[in-house]
Amino acid sequence: MDFVLPLVFVPGLAIGSFLGVVAARVPLRKSVVRPGSACMSCDAPIRWYDNVPVLSYALLRGRCRHCGVRIPPRDLAIELVTALLLVGCVLAFGVTLKAAAAGIGCAALVVATATDLERRIVPNWVVLPSAVAVLALQTVSHPSPVWAIGAVGGAGFFFLAALAYPGGMGMGDVKLALVIGAMLGRTTPVGIMLGLLFGIVPSIVLIARHGSGARKLAIPFAPFLAAGAVVALFAGEHILNAYLGIL
Ligand SMILES: [Zn+2]
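In this text, all values refer to a predicted model and were calculated from it rather than measured experimentally.

Asks: Is there a simple way to think about the packing of helix 3 (residues 74-93) against helix 4 (residues 97-119) in this case?
Replies: Helices that pack against each other are described as a pair by the angle of their axes relative to one another and the distance between those axes. At their nearest, the axes of helix 3 and helix 4 sit 9 Å apart, and the two run at 160° to each other. By the criterion of interaxial angle, the relationship of helix 3 to helix 4 is roughly antiparallel. Handedness of the helix 3/helix 4 crossing: right-handed. For the pair helix 3 and helix 4, the contacting residues are Ile78, Val81, Thr82, Leu85, Leu86, Cys89, Val90 and Phe93 in the first and Lys98, Ala99, Ala102, Gly103, Cys106, Ala107, Val110 and Ala114 in the second. Residues of the contact of helix 3 with helix 4, tallied by class, amount to 13 nonpolar, two polar and one charged.

Asks: I would appreciate a short explanation of the domain arrangement of the protein chain in the present structure.
Replies: Size of an interface, as often reported, equals the accessible area lost when the parts are brought together. Taken domain by domain, the protein chain comprises domain 1 (1-95) and domain 2 (123-247). Each of domain 1 and domain 2 has a C-alpha centre, and these two points are 26 Å apart. Counting from both sides, the interface comprises six residues of domain 1 and, opposite them, five residues of domain 2. Residue contributions to the side of domain 1 that touches domain 2 peak at three residues, all from helix 3. Of the residues contributing to the side of domain 1 that touches domain 2, the split by class is five nonpolar, one polar and no charged.

Asks: Is there a simple way to think about the nonpolar core in this case?
Replies: A general feature of soluble globular proteins is that nonpolar side chains tend to end up buried together. In terms of nonpolar packing, the biggest core is built from 58 residues, with Val111, Ala112, Val179, Met183 and Ala229 touching the most fellow members. Those elements that place two or more of their residues in this core are helix 1 (4-25), helix 3, helix 4, helix 5 (124-141), helix 6 (146-164), helix 7 (171-184), helix 8 (188-210) and helix 9 (222-246). Among the elements that make up this core, the one with the highest residue count is helix 4 (12 residues). Residue-level mapping places this core at the junction of two domains, with at least three residues from each of domain 1 (1-95) and domain 2 (123-247).

Asks: Quick question: what am I supposed to make of unusual backbone geometry here?
Replies: Most peptide bonds are trans, and most residues other than glycine sit at a negative phi. A cis geometry characterises the amide bond from Arg34 onward to Pro35, with omega recorded as -10°. By the element assignment, Pro35 lies in the loop between helix 1 and helix 2 (55-59). Of note in this structure, Asp43 is not a glycine but carries a positive phi near 70°. Mapped onto the secondary structure, Asp43 falls in the loop between helix 1 and helix 2. Judged by local crowding, Asp43 falls into the exposed class, with 9 C-beta atoms found within 10 Å. With a phi close to 60°, Val54 is a non-glycine residue in the positive phi region. Within the element layout of this structure, Val54 appears in the loop between helix 1 and helix 2.

Asks: Explanation requested: the environment of Leu135 in the structure shown.
Replies: Along the chain, the position of Leu135 falls in helix 5. Classification of Leu135 by C-beta neighbours within 10 Å gives buried; the count is 23. The spacing of Leu135 and Leu5 is 130 residues in sequence and 26 Å in space, taken between C-alpha atoms. Beyond its immediate chain neighbours, meaning those up to four positions away, Leu135 contacts Trp147, Ala148, Ala151 and Ala182.

Asks: Can you help me understand the environment of Leu85 in this one?
Replies: Note that Leu85 resides in helix 3. In sequence terms Leu85 and Asp43 are 42 residues apart; their C-alpha atoms lie 31 Å from each other. The contact partners of Leu85, leaving out residues within four places of it in the chain, are Cys106 and Val230.

Asks: Is there a simple way to explain the packing of helix 6 against helix 7 in this structure?
Replies: Put simply, helix 6 and helix 7 touch, their axes get as near as 7 Å, and they point 160° apart. By the angle class used here, helix 6 and helix 7 are roughly antiparallel. Helix 7 is crossed by helix 6, and the crossing has right-handed handedness. In this structure, helix 6 contributes Trp147, Gly150, Ala151, Val152, Gly153, Gly154, Ala155, Phe157, Phe158, Phe159 and Ala162 to the contact, and helix 7 contributes Met171, Asp173, Val174, Ala177, Leu178, Ile180, Gly181, Ala182 and Leu184. Within the contact of helix 6 with helix 7, the residues separate by chemical class into 15 nonpolar, four polar and one charged.

Thresholds, definitions, all that
- Numbering of residues starts from 1 in every chain and runs along the sequence as written.
- Note on the predicted model: pLDDT of at least 70 is required for a residue's local features to be given, and 80 or more for side-chain atom pairs to be given and counted; whole-chain, interface and lining totals, by contrast, use all residues.
- Axes here mean lines fitted to C-alpha atoms, for a helix over just the part in contact, with angles spanning 0 to 180 degrees between N-to-C directions.
- Strands are runs of DSSP state E lasting at least 2 residues, helices are runs of H or I lasting at least 4, and numbering of each runs from the N terminus.
- Note on terminology: angles under 35 degrees are roughly parallel, angles over 145 are roughly antiparallel, angles of 65 to 115 are roughly perpendicular, and the others are oblique.
- Working rule for handedness: look at the near helix, and if it is turned counterclockwise from the far one by less than a right angle, call the crossing left-handed; if clockwise, right-handed.
- We call two residues in contact when their backbone-placed C-beta atoms lie within 7 Å.
- Basically, the charged four are Asp, Glu, Lys and Arg, the nonpolar ten are Ala, Val, Leu, Ile, Met, Phe, Trp, Tyr, Cys and Pro, and anything else, Gly included, counts as polar.
- Where each domain starts and ends comes from a domain assignment, either automatic or drawn from a database.
- Note on terminology: a nonpolar core is a set of buried residues of type Ala, Val, Leu, Ile, Met, Phe, Trp, Tyr or Cys, with members joined through C-beta atoms within 7 Å.
- Between the buried cut of 20 or more and the exposed cut of 12 or fewer other C-beta atoms within 10 Å of a residue's own C-beta lies the partly exposed class, and all C-beta atoms are placed from the backbone.

What follows is the structure, given as structure tokens:
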């Protein structure tokens, strides 16, 4: 199995690089293919040899070759996180349809995390096709209604939450829960509960700092939901069984 990991990690970096472009351009309705990458500061086109994931960043010491401006570590972070998640999927599920479903789900979570942090949106063109692909792959891989139930149940939960607390949860969270539910199936509640738990901590910090005015400072929730979903993807069955064992 060990030999598979570099075969996943290196392309995973390249996929992560592409996801960074998707997250930057899809919300602006720009092509993800043209034009090629350019420096955000001096507009100099970035040559292929300066655009190798991680390696170029290290060689250029995180600076633009032309103007020397610091390149934000955003792309580096997206590349590394994506590659690690894809390696995790293959380690956990082997070279299977389930790993493909989990990989697509993780890719959607990465993009949604970036767009929610940067622009406070979760783009339809990323999450909806991902949800369909993940649902199809999971259902073919393990024929069962649990994947569809997870997707509809997860999205339904956040839809009701958005109706109950407008300004808290948004439609972005509803759409993201479609992907998460299709990916997690019966462990969807574990993923959602973990996401809510992770999101509570910064909410409490905000309220402590800003008092009741913090309610207006709606925090992007997709990153927490994504983190909860990733933990549930790899450990959800253990968590669920431990929980059911306590009862
Ligand atoms: Zn530059």
